[in-house]
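Spelled out from the first residue to the last, the chains are:
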Protein chains: 2
Amino acid sequence: MEIIRSVAAMRAWRRQAGKLAFVPTMGNLHEGHLALVEAAHQHADKVVVSIFVNRLQFGQGEDFDAYPRTFESDCAKLEAAGVDALFFPTEQELYPRVKQDFNVEPPHIQDELCGAFRPGHFRGVATVVSKLFNIVQPDVACFGKKDFQQLHVIKAMVDDLNIPVEVIPVDTGRAADGLALSSRNGYLTAEERAEAPRLYRNLSAMRAALLAGDSDYATLEANASADLQQAGWVVDYVEVRQADTLEVAHAGEKRLVVLAAARLGRTRLIDNVEVSR
Amino acid sequence: MEIIRSVAAMRAWRRQAGKLAFVPTMGNLHEGHLALVEAAHQHADKVVVSIFVNRLQFGQGEDFDAYPRTFESDCAKLEAAGVDALFFPTEQELYPRVKQDFNVEPPHIQDELCGAFRPGHFRGVATVVSKLFNIVQPDVACFGKKDFQQLHVIKAMVDDLNIPVEVIPVDTGRAADGLALSSRNGYLTAEERAEAPRLYRNLSAMRAALLAGDSDYATLEANASADLQQAGWVVDYVEVRQADTLEVAHAGEKRLVVLAAARLGRTRLIDNVEVSR
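Residues numbered from 1 in each chain as written. Chains lettered and ligands numbered in written order. Predicted model: local features only at pLDDT ≥ 70, side-chain atom pairs only at ≥ 80, totals over all residues. Heavy atoms only, no water.

S.K.: Account for the relation of the copies chain A and chain B, with residues named and values stated.
M.R.: Structural alignment of chain A on chain B gives an RMSD of 0.0 Å, achieved by rotating through 180° and translating 0.0 Å along the axis. The transformation just described matches what one would write down for a two-fold rotation axis. Of every C-alpha in chain A, the one belonging to Val104(A) sits nearest the axis of rotation, 2.3 Å from it. Of all interface residues in chain A, 100% are interface residues in chain B too; the two copies therefore contact each other through one and the same surface. (Least-squares fit on C-alpha atoms with pLDDT ≥ 70 in both. Contact = heavy atoms within 4.5 Å.)

S.K.: Account for the packing of helix H6 (residues 121-136) of chain A against helix H7 (residues 148-160) of chain A, naming residues and giving values.
M.R.: All names here are of chain A. Contact geometry for H6 and H7: axes closest at 10 Å, N-to-C directions at 55°. In terms of axis orientation, H6 runs oblique to H7. Considering the relative orientation of H6 and H7, their crossing is right-handed. Contact with H6, carried on its side by Phe 122, Val 125, Ala 126, Val 129, Ser 130 and Phe 133, involves Gln 149, Gln 150, Val 153, Ile 154, Met 157 and Val 158 of H7 and no other residues of that element. Partitioned by chemical class, the residues of the contact of H6 with H7 number 9 nonpolar, 3 polar and no charged. (Axes fitted to C-alpha atoms, helices over the stretch in contact; angles between N-to-C directions. Helix = DSSP H or I, 4+ residues; strand = E, 2+ residues; numbered from the N terminus. Parallel < 35°, antiparallel > 145°, perpendicular 65-115°, else oblique. Left-handed = near helix turned anticlockwise from the far one by under 90°. Nonpolar A, V, L, I, M, F, W, Y, C, P; charged D, E, K, R; others polar.)

S.K.: Account for the pattern of salt bridges, naming residues and giving values.
M.R.: All chains considered together, the criterion is met by 42 salt bridges over all chains. For Arg118(A), the salt bridge goes to Glu62(A), with nearest N and O atoms at 2.6 Å. Of this pair, Arg118(A) sits in the loop between helix H5 (114-117) and H6 while Glu62(A) sits in the loop between strand S3 (46-51) and helix H3 (71-80); the two residues are 56 residues apart in sequence, bridging distant segments of the chain. Residue classification places Glu62(A) among the partly exposed residues on the basis of a relative accessible area of 28%. One salt-bridge network, held together by shared partners, links Arg97(A), Lys99(A), Asp101(A), Asp159(B) and Asp160(B). (Salt bridge = Lys/Arg side-chain N within 4 Å of Asp/Glu carboxyl O. Buried < 20%, exposed > 50% of the residue type's maximum accessible area, 1.4 Å probe, protein only.)

S.K.: Got a sec to walk through the interface of chain A and chain B? Specific residues and values, please.
M.R.: Interfaces are often sized by the amount of accessible area the parts lose when they come together. Contact residues are listed per partner, giving 27 residues for chain A and 27 residues for chain B. For chain A, the biggest contributors to the area lost against chain B are Phe102(A), Asp160(A) and Asn162(A); these three give 33% of the whole. For Arg97(B), the salt bridge is made with Asp160(A), and the minimal N-O distance between the two is 2.4 Å. At the boundary of chain A with chain B, the tally comes to 20 residue pairs in polar contact (both at pLDDT 80 or more). (Buried area = accessible area lost by both parts, 1.4 Å probe. Polar contact = N/O pair within 3.5 Å; in protein donor to acceptor, adjacent residues only side chain to side chain.)

In structure tokens:
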């Protein structure tokens, strides 16, 4: 596996790569990332992964500094997964003037759901993904459904700005007890880790109710929030939305997604389930 | 010359084009555009020109509807200039949802100079050029220096968002009396057309003074504005700026540009001169 640190070297490598699939990550890789790599292999001749903890998508007081950096073990995992190249730029390489002057500005969805609690987050995501796409110039790019709103924003951006990249959604990887795999799970104490699957249990219960025909979204949302709060969580949101547009869902909607974000101690966890009925 | 109307057909054509130069235009082509085409031929195997009057970069009350559409004569000129393909999309093709949801947001320079008089203009330019670059995927793209602030915004955007396109600036084409070539010159009455070269005469006089060592920018600006106003112009701005950054120029600055925008009757004209001293 080639380790590439500069934009110029990445572009040079890309020119000889043939059909190329790309998996952008912030590192600290787990099985969920490796499922993205596996999907990438199915769509292209070569696979490039990037590791870049993108300051632009972290807010004031968020965990940019604490975010786990595990370069050596990440490399070993990517090597074993048959990745052809790792793009590992410095901040100086991606943000040479420190400040990013031009930003890709998403529409109102950037201020809803996670965006309501993380101002500027999706602008930072859209902008860095645009930059990475322009540098790597992949044919396809794989993103996990665990970050469902992020996936939605990137798909919509690619479509709206005519970006010549095919976006491949990949199912959320889960621990045996249902907890969605996430780098931030590493922040949990043993006690919190035991409690954490409650988030997915609530989403699964909501999915069952929706499949059974319940369309009283507000009550379902309130019940899940109450269950989490009683167990000591601080709930940012639990919401039923339209799966394809992420707009607010109306009763009788056929393709739904239930999204939630809640904090357990100092750790903010997100998860979602899709429902087709 | 191939005439291409859809994004999909443009992408298919691009794949077999080799090294490709791109000249985005709004049509109503004149010698200034043909100089861009000539520069394009010097940088690539094939040349593609686009004609698209981009609603996004026109403000309320501006001349979007009146903007001259001269498709047949434009085609003849491009054919004669050896252009390989013309990309001529409908609004529906570039803005299928009517509203553009994701925008490329330029930094503060978008609110200065022409931007102060045309709110949203440079956002619209940056966004449509991003879209066109993503569709055409050229190796190089040629832009005229007549729209100096636009050229600056596009160069800065390409650099800041790592867009894999080389931007080639091309000198302003001028009539024998000095008037910068522009589609909007067609709006001028015979009397206004005779008066119009005053704009370039004032800029040339400022250049001479700057080259002679004058660094009292404010007085030079005020004198030029006064001369135009006395001749019946409404002056939007006359400003000395740093040529490379478009930031406000300080005394002693070596690479300058003098930019002006002023209205003669219903027609808004812009022009600029560079000064290296």
